[in-house]
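# Structure assessment
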Amino acid sequence: MAYELTKTRFKEAVWEGQLKVGGGEKRPPEITVLWRDTAVIGVRVSEMNTQNLFSVQIPIPDEAIGDGVQTFAIFVDGQTEALDSFTLIAGEAVGDDLRAEVELLRAELDMLKRTFRMHFNEG
């Protein structure tokens, strides 16, 4: 199934986007957002008035707001590749900061490890 996530705004510590779902799916998919290998609590996916289009709201945890680079990886449950990601940089920000890319790679690697462990433990 094809998914396309587009950011619409980031306001009052909530990242918002629109998720387009291919294949005629009428139910919103389950979305997991990881920050530091921890699932973000309170993620909402709700139907919009347009067919195959869903609203996504991701609340930013208070503890994620502070100095440094904070990367959030967005996954559709059951998929190992991140659908999208976003990064918050606070404090002494450096242009073209590679730390955000490293954080995203870590989040994706953690998701792969978790999926591998679940698969290995099932067999």
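Here, every reference points to the structure presented above.
Everything in this summary refers to the structure shown in the same document. (Residues numbered from 1 in each chain as written. Predicted model: local features only at pLDDT ≥ 70, side-chain atom pairs only at ≥ 80, totals over all residues. Heavy atoms only, no water.)

### Description of the sheet that holds strand 2 (residues 14–21)
Taking strand neighbours across the sheet as the criterion, the four strands line up as 1-2-6-5 in an open arrangement whose pairing is antiparallel. Looking at the sheet topology across the chains shown, the edges are occupied by strand 1 (3–11) and strand 5 (44–47). Taking each pair of neighbouring strands and ignoring which way they run, the sheet shows an average axis angle of 25°. As paired elements, strand 5 and strand 6 (residues 53–59) share four bridges and run antiparallel to each other. Bridge assignment links Ser 46 to a residue of strand 6, and that residue is Ser 55. (Pairing = 2+ DSSP bridges. Helix = DSSP H or I, 4+ residues; strand = E, 2+ residues; numbered from the N terminus. Axes fitted to C-alpha atoms, helices over the stretch in contact; angles between N-to-C directions.)

### As for the layout of surface pockets
Of the volumes computed, that of the largest pocket is approximately 180 Å³. If you trace the largest pocket, you find it lined by Thr 32, Leu 34, Asp 77, Gly 78, Gln 79, Thr 80, Met 111, Arg 114, Thr 115 and Met 118. Counting only elements with at least two residues in the lining of the largest pocket, the list comes to strand 3 (31–35) and helix 1 (99–122). In terms of residues, the lining of the largest pocket owes the most to one element, helix 1, which gives four residues. Residues that form the lining of the largest pocket fall into these classes: three nonpolar, five polar and two charged. (1 Å grid on protein atoms, 1.4 Å probe; cavity = no way out; pocket = protein on both sides within 12 Å on 5 of 7 lines; lining within 4 Å. Points joined across faces, edges and corners; volume = space filled by probe spheres on them. Nonpolar A, V, L, I, M, F, W, Y, C, P; charged D, E, K, R; others polar.)

### Topic: the environment of Gln 79
Within the secondary structure, Gln 79 is located in the loop between strand 7 (68–76) and strand 8 (84–90). Residue classification places Gln 79 among the partly exposed residues on the basis of a relative accessible area of 30%. The sequence separation of Gln 79 and Thr 115 amounts to 36 residues, and the corresponding C-alpha distance is 8.9 Å. (Buried < 20%, exposed > 50% of the residue type's maximum accessible area, 1.4 Å probe, protein only.)

### A closer look at the nonpolar core
Formed by 17 residues in total, the largest nonpolar core has its most connected members in Leu 19, Val 33, Ile 58, Phe 72, Ile 74 and Phe 86. Taken together, the elements giving at least two residues each to this core come down to strand 2, strand 3, strand 6 and strand 7. Sequence-distant contacts of Phe 72, defined by excluding residues within four places in its chain, comprise Val 33, Leu 34, Trp 35, Val 40, Ile 60, Pro 61, Ala 64, Asp 84, Ser 85, Phe 86 and Leu 88. If you look at the next biggest cluster of nonpolar residues, it comprises seven residues, including Ala 73, Leu 104, Ala 107 and Met 111. (Core = buried A, V, L, I, M, F, W, Y, C linked by side-chain atoms within 4.5 Å. Contact = heavy atoms within 4.5 Å.)

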